[in-house]
Amino acid sequence: MVRRRKRGRQSRERGAARRARPPGEGRRERWSAAATLAAVLVEVAVAAAVRGTYTYRVPGAIAPEVSLGQRVAVPFGRSARATGYVVGFPTSPPRGVELRDVVEVLDAFPPFTQRLIELIRWAEDYYLVPPGELLRAALPPGLNARGGAAAPRRRAVEWVAPASGAAEALPSLGRARAQRAVLEYLLARGRIPVEELRTAFPHGRPALVALARRGLVALAEEIPVASAGVLEGAAPAHALTPAQAEALAAVTAAFGSFSTFLLHGVTGSGKTEVYLRTIARAREAGKGALVLVPEIALTPQLSGRFRARFGDDVALLHSGLSPRERHAEWLRLRRGEARICVGVRSAVFAPVQDLAVLVVDEEHDGSFKQEDGPPYHARDLAVVRGKIEDAVVILGSATPSLETLDNARRGRYRKLELPSRVDDRPLPAVEIVDLRRIRGAGGRRAPPGLLSPRLADALGETVAAGQQAILFLNRRGYQTVMICESCGAEARCTECSVSLTHHARRGVLLCHYCGRTEPVGAPCAACGGVRNGVGVGTEQVEEAVRDLLPRGRVERLDRDAVSGADETAGLLARFARREVDVLVGTQMVTKGHDFPGVTLVGVVLADTALALPDFRAAERTFQLLTQVAGRAGRGAEAGRVLVQTFNPTTPAVACALSHDYAAFAEGEMARREGLGYPPFGRMMAARVEGSEAGARRCAEELARAARPALGDGVAMIGPAPAAIERIRGRTRWHVLFRAPTAAALRGVHRALGAVARRPPGGATIRFDMDPYSML
Ligand code: ADP
Ligand code: ZN
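Now for a look at the structure at hand.

What counts, and at which threshold
Residues numbered from 1 in each chain as written. Chains lettered and ligands numbered in written order. Predicted model: local features only at pLDDT ≥ 70, side-chain atom pairs only at ≥ 80, totals over all residues. Heavy atoms only, no water. Near = heavy atom within 4 Å. Polar contact = N/O pair within 3.5 Å; in protein donor to acceptor, adjacent residues only side chain to side chain. Areas by Shrake-Rupley, 256 points an atom, 1.4 Å probe, with all protein chains shown as cover. Helix = DSSP H or I, 4+ residues; strand = E, 2+ residues; numbered from the N terminus. Nonpolar A, V, L, I, M, F, W, Y, C, P; charged D, E, K, R; others polar. Pairing = 2+ DSSP bridges. Axes fitted to C-alpha atoms, helices over the stretch in contact; angles between N-to-C directions. Left-handed = near helix turned anticlockwise from the far one by under 90°. Contact = heavy atoms within 4.5 Å. Buried < 20%, exposed > 50% of the residue type's maximum accessible area, 1.4 Å probe, protein only. Donors = N, O, S within 2.8 Å, 3.2 Å for Na, K, Ca; no water. Tetrahedral: all angles 85-135°; square planar, octahedral: opposite > 155°, others 65-115°.

1. So, the site of ligand 1
Item 1. Looking at ligand 1, there are 15 residues lining it, with A239, Q244, G268, T272 and R305 nearest.
Item 2. One of the backbone nitrogen or oxygen atoms of A239 is found 2.8 Å away from a nitrogen atom of ligand 1.
Item 3. Backbone polar atom of G270 to an oxygen atom of ligand 1: 2.9 Å apart, as the coordinates give it.
Item 4. When ligand 1 sits alone it has 560 Å² of accessible area, and the protein chains cover 73% of it.
Item 5. Sort the elements by how many residues they give to the shell around ligand 1 and helix 9 (residues 271-284) lands first, with three residues.
Item 6. Class assignment of the residues belonging to the shell around ligand 1 gives a composition of four nonpolar, eight polar and three charged.

Next comes the structure, spelled out in structure tokens:
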């Protein structure tokens, strides 16, 4: 039976939680001081889409069990048992509400430490998101009621290597596709920690066992890891370059207090080696480390490198693991059995003990910004966490974000540079192919698949010389737009305001937002005319390369061609083994392995990302071009990069051409300053979704409520329909705010409180601080 009591709702005053902490709570790892009181009050963040926290009473019988950071079951609204998190101990009850009781304490062992709760409360405040949602997002999926069973304790590092004769035996595997893929990977990589294989092939265990049974792979175990040591002999112990040594010295000198470093170095300049050595130092001192990376599945070597160096001391947290594995890794951290965490975005909340070092690798990468679910930026939270934990933070990149560069210029971050590649190999020569020349004169047709004669020749030469090429285009499908020959109307999704993409192999027109399809031959919805495709996607590029090089081995890497981490790893392995000559794909080809055989990188159309209505479009384009160019010439042969573009003189393209980060940053900073965009000033988006009329009304209401809070440098952009006005039948509006400081934006947010609590028109409102997606 649901008790009908008035809900204990209070909007939390900022700082109230801090004042309400019980005495003695300042000492870490001691949370149960409150348990000595008879009737305990707890401040609870409920796992629901509500801002603020609620006060509950803990009945005497269970009071001794309650401690900070635990999960509890509480009655909430009409639910008799909602999950909540204990985030504080108020000393007096809020006035005018009848308190309800905590039903049950769910954890024997609190999943959150006090410092993690501090981090989440900071994020709640800054990102204007419900604390319960953040807390829920911070836990591994599948954490069970009692805080989890014993995690299987792994002691050894398992190594795996292809057996002699494995290459010859490959054909005999016939249709055992999984085994083939795993063996191909191993042949490409040699002897590696099984951890790397596990990252590359989340479902590869049975295949590995089968291969071992056939004698095609050799497994070995090493029992390593003295409590804090580095695995000697696990990695080649080279002497650091002077620049690396200087960076290591600067970072380790700062141990024990909070400071942030920007480690700026081109790919291959030895940044990862600096991370590894810094962490080794921290471990020697008995401290822990957290490493955030953008994407683990595409770069399995990275996890292998950490595991090879630190053995079982490393816990991995990423979505390629099953919920059980993730839970087990999380528990090893929480219990202090593993002291180093390597993970993606959400690992910024990982319960690493005695954190001394946080690393954010490729700090400029957009994937650190969470767009669905509670919006937060993991890089920025890593810096905040560093402050809370008195730890050093290293932000590494070849193309630092302008936000980070600005922080370095203002002296908030210390800049460390690794100016050249470790082996002094030159950066590849980048050359422009001006598509205006090819296409412009006399209205000639675009080259098939957008392969200019220059690029076609280069591909031919590369493959003839037995070398490899990567072609990058940031558009999936065969043709990106279908246009009616009679009336000129574009084929558009009925549910989303985007054009449909022609996928030739599947024979459909596909919406990339909602997945809706139409038969490819369907007549024009407006006039019944015949449709024709324009605009080149990766599928068409692949076809053009196959036509160009009939004997070449051509493969495509994008979300349509491969599904899941296993297939991706299998294809990348075949490319690494040089069984593929040309790899065509989306951004997926720009990350990933280090392919020594690649001497040519072609950017099919550099302009795709430039055209987006987004103030970061130029920065993203520069980063992408620099990253993809970095794939060329990593082996003994020199590499070259051909960039096809209609905008050869635009700075994002021109500076990538000359590998000139400084010049790009200089110009882009000036442009941003002129427009008042970040890093000069902050932004906040209010994103509205609803019916056509409802979304509009709601956005207009928000704007009206915001107007009195404007001025003093606070500007409002909009309300306006979003660039993609409709997704899945829901209309989207944005109201953007720009202000000199985050505090000013919070002022705007407060002014919008009443509207946000009861959005008019049945719409939903989401606030996004420091928004990344402008679509
Ligand atoms: P980044 O992270 O900047 O791309 P890495 O740390 O991965 O650079 O280094 C690139 C390559 O150079 C790796 O294969 C690494 O093992 C090697 N390497 C790194 N530092 C040194 C060094 N001081 N001497 C020799 N090789 C090194
Ligand atoms: Zn759609």
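2. Let's talk about the sheet that holds strand 29 (residues 730-739)
Item 1. Read from one edge to the other, the open sheet built from four strands follows the order 28-29-27-30, with strand pairing classed as antiparallel. Across the chains shown, the open sheet's two edge strands, defined by having one partner strand only, are strand 28 (715-727) and strand 30 (764-769). For this sheet the average axis-to-axis angle between neighbouring strands, irrespective of direction, equals 20°.
Item 2. Sheet topology places strand 27 (residues 682-690) next to strand 29; nine bridges connect them, and they run antiparallel. Paired with R687 across the bridge in strand 29 is H734.

3. Overview of the packing of helix 9 against helix 10 (residues 300-310)
Item 1. At a minimum axis separation of 11 Å, helix 9 and helix 10 run at an interaxial angle of 35°. Helix-helix and strand crossings are classified by hand; for helix 9 and helix 10 the assignment is right-handed. Mapping the contact onto sequence places T272, E273, L276, R277, I279 and A280 in helix 9 and L302, R305, F306, R309 and F310 in helix 10.
Item 2. Across the contact of helix 9 with helix 10, the residue classes break down as six nonpolar, one polar and four charged.

4. As for the pairing of strand 27
Item 1. The buried count for strand 27 comes to seven of nine residues, which makes it a mostly enclosed element.
Item 2. Taken together, the six bridges between strand 27 and strand 30 define a ladder with antiparallel strand orientation. Along strand 30, the bridge assignment pairs V688 with I765.

5. A word on the coordination of the zinc ion (ligand 2)
Item 1. In this structure, C493 (SG), C496 (SG), C511 (SG) and C514 (SG) serve as the protein donors to the zinc ion (ligand 2), at separations of 2.3 to 2.4 Å.
Item 2. Taken together, the four donor atoms coordinating the zinc ion (ligand 2) span angles of 107 to 114° at the metal, a pattern that classifies the geometry as tetrahedral.
Item 3. Here the donor residues for the zinc ion (ligand 2) map to a single chain with the spacing C-x2-C-x14-C-x2-C. Of this pair, C493 sits in the loop between strand 18 (479-484) and strand 19 (501-503) while C514 is found in the loop between strand 20 (508-510) and strand 21 (517-519), placing the two residues 21 residues apart along the sequence.

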